[in-house]
Amino acid sequence: MAGRRALGRRFRRLWAAYAVSAYGTGLGFGAFPLIAVLVLHCGPTQVAALSAAGRAVGAVVAVPLGPWVEFHRKRPVMVAMDLTRFAALLSVPAAFACGLLSFAQLLVVSVVVAAADIAFKAASGAHLKALVPPEDLLVANGRFESTTWTATVVGPPLGGAAIGLFGPVTTVVADAVSYLLSALGIRAIGGSEPRPARTGAPRLRAGALLEGWRHILTHPTLRPLFFNSIIVNGLIMAAEPLLAVLLLGRLGFAPWQYGLVFAVPCVGGLVGSRLAPRLVTRFGQHRVMVAVGALRACWPVGLAFVRPGVPGMVLIIAVQFGLVTCCGVFAPVLATYRLDHTAPDRVARTLSAWSVSSSTSIAAMTAVWGLLAAVTSPRTAIALAGVLLLATPLLLPRREKAPRSATEQAASASA
């Protein structure tokens, strides 16, 4: 079975480090919106601003990091970004314990964590491409994706219970410690990692990240996938803080219920990520991405009809199960396609450009939807996001076009 293929000791250590941080992130799911609502008594506009500002400013800070990551060894970069996130997150419970926690601090920590996330993902993708043979990339990405969804199944309910027992910043501590353990795991991977050649040095300081966007926008299939991805992710994430306000505030959901309704459906993400290699083998990358990319847009509009109590919980679980199952298939297939069609000396810049664009679009849409919720209501804003998502399959590529090979891309870049 392709899903059970052995990928080597070094990949297992990288996977273990990823799993530790993924479980920490699962425990800390929704921690900042929850702290903003329950501790700082923020309204929908502030909660949306917290999510938007962190991503937007983090994306701006991350712009020069993409070229910097490209021309440095990837494992030290990953370790540095893990330690940065550890220190930033740990400052939140420290301030809370001293009675000094403020909305401004949550904003600053959100910015630091968002920028470090982008740099880490760029380095991690480039490192994975060098670590794993091309024919095993989909299996490797599928394992990362299944780990993410498994952590999301287990983490939020445990996080909600921990918050109820030990206080609102408990899961932030767990998330911070997970990044420290991830850094130690990445350090233990071992093996030599050559320093990347600093080709094109005069362009490293100005506009180097443009190479990543240029590659995406000139590629016949990556371009529509890029626009589809940033808009879908933006609309889904823009509704998340509003849903937190609606469920935890107006509908009276307890923190454990809030965690539960988002954790149980993530079984679908685990199933989808395990199915992805089989579906690609049978139907091909392009057909799977287009079909599943269209299906994932059909679910979120159902969140506008959520009600209090058990019926509301059942509705959210059903809608989220359909959405995350589709995402569980789509994400590793897209990640593999993106790595397959990007030259090795351009991977970090391409992934950084993609992440910066995604974070910026999520931030912009989150801010707009926060204002919309303040003018109308959180439920109305969630409904509009779901309706607009129904149109996003129009952005998916209609036909698979033969892209240039990685060798041709590298030759073109050198020229």
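Structural data are supplied above this passage.
As the structure is a prediction and not an experimental result, all values here were calculated from the model.

A.B. asks: In this structure, what is going on with the packing of helix α9 (residues 210–218) against helix α10 (residues 222–250)? I would like to understand it.
C.D. replies: When two helices pack together, you describe them by how their axes are tilted relative to each other and by the distance separating the axes. Relative orientation of the contacting elements α9 and α10 amounts to 105°, with a least axis distance of 6 Å. Regarding the angle of α9 to α10, the classification is roughly perpendicular. Taken together, the residues of α10 that come into contact with α9 (itself represented by W213, H215, I216, L217 and T218) are L222, R223, F226 and F227. Among the residues forming the contact of α9 with α10, the class breakdown is six nonpolar, two polar and one charged.

A.B. asks: Teacher, can you tell me more about the packing of aromatic side chains here?
C.D. replies: The full count for this structure, using the stated rule, is five aromatic pairs. Aromatic side chains F11 and F144 sit 5.6 Å apart centroid to centroid with 50° between the ring planes, which places their arrangement in the tilted category. Pair noted here: F11 is in helix α1 (residues 9–27) and F144 is in helix α7 (residues 137–166), with a separation of 133 residues, a long-range link. Under the relative-accessibility criterion, F11 is labelled buried at 2%. The rings of F11, W15, Y18 and F144 are connected pair by pair, giving a single aromatic cluster. The cationic tip of R85 hangs over the ring face of F120; the distance from NZ or CZ to the ring centre is 4.6 Å. Its guanidinium or amino end placed over the ring of F330, R296 lies 4.0 Å from that ring's centre, counting from NZ or CZ.

A.B. asks: When you look at helix α13 (residues 285–295) in this model, what are you seeing that I'm missing?
C.D. replies: Owing to its 3.6 residues per turn, the α-helix brings residues three or four apart onto one side. When α13 is considered as a whole, its buried residues turn out to be Q285, H286, V288, M289, V292 and G293. Down the axis of α13, the buried set is contained in an arc of 165°. They therefore lie on one face. Structurally, α13 contributes buried residues whose contacts are with α10, α12 (266–283) and α14 (309–340).

A.B. asks: Looking at this structure, how should I read helix α6 (residues 103–131)?
C.D. replies: Over its 29 residues, α6 extends 41 Å from the first C-alpha to the last, a length consistent with the 42 Å expected when each residue adds 1.5 Å. Along α6, 22 of the 29 residues are buried, which leaves the element largely enclosed by surrounding structure.

A.B. asks: Explain the pattern of salt bridges to me, please; I cannot follow it from the model alone.
C.D. replies: If the charged atoms of two oppositely charged side chains come close together, the side chains can form a pair. Counted by the stated rule, this structure contains three salt bridges. Here R85 and D117 are joined by a salt bridge, their closest N and O atoms 2.5 Å apart. Here the residue R85 occupies a position in helix α5 (residues 74–97), and D117 occupies one in helix α6, the gap between them amounting to 32 residues. Under the relative-accessibility criterion, R85 is labelled buried at 6%. Overlapping salt bridges, with partners in common, bring together D82, R85 and D117 in one network.

A.B. asks: Even after reading the chapter, I still don't get the packing of α10 against helix α11 (residues 255–263), so can you show me in this structure?
C.D. replies: Two numbers describe how α10 lies on α11: the axes approach to 9 Å, and their chain directions differ by 135°. Relative to α11, α10 is oriented oblique. The two elements α10 and α11 meet at a crossing, and its hand is right-handed. Between α10 and α11, the contacting residues are L243, A244, L247 and L248 on the first element and P255, Y258 and F262 on the second. Split by residue class, the contact of α10 with α11 holds seven nonpolar, no polar and no charged.

Calculation notes
- Residues numbered from 1 in each chain as written.
- Predicted model: local features only at pLDDT ≥ 70, side-chain atom pairs only at ≥ 80, totals over all residues.
- Heavy atoms only, no water.
- Axes fitted to C-alpha atoms, helices over the stretch in contact; angles between N-to-C directions.
- Helix = DSSP H or I, 4+ residues; strand = E, 2+ residues; numbered from the N terminus.
- Parallel < 35°, antiparallel > 145°, perpendicular 65-115°, else oblique.
- Contact = heavy atoms within 4.5 Å.
- Nonpolar A, V, L, I, M, F, W, Y, C, P; charged D, E, K, R; others polar.
- Phe/Tyr/Trp six-rings, centres within 6.5 Å; stacked < 30°, edge-to-face > 60°.
- Buried < 20%, exposed > 50% of the residue type's maximum accessible area, 1.4 Å probe, protein only.
- Lys NZ or Arg CZ within 6 Å of the ring centre and 35° of its normal.
- Arc of directions from axis to C-beta.
- Expected span 1.5 Å × (residues − 1).
- Salt bridge = Lys/Arg side-chain N within 4 Å of Asp/Glu carboxyl O.
- Left-handed = near helix turned anticlockwise from the far one by under 90°.

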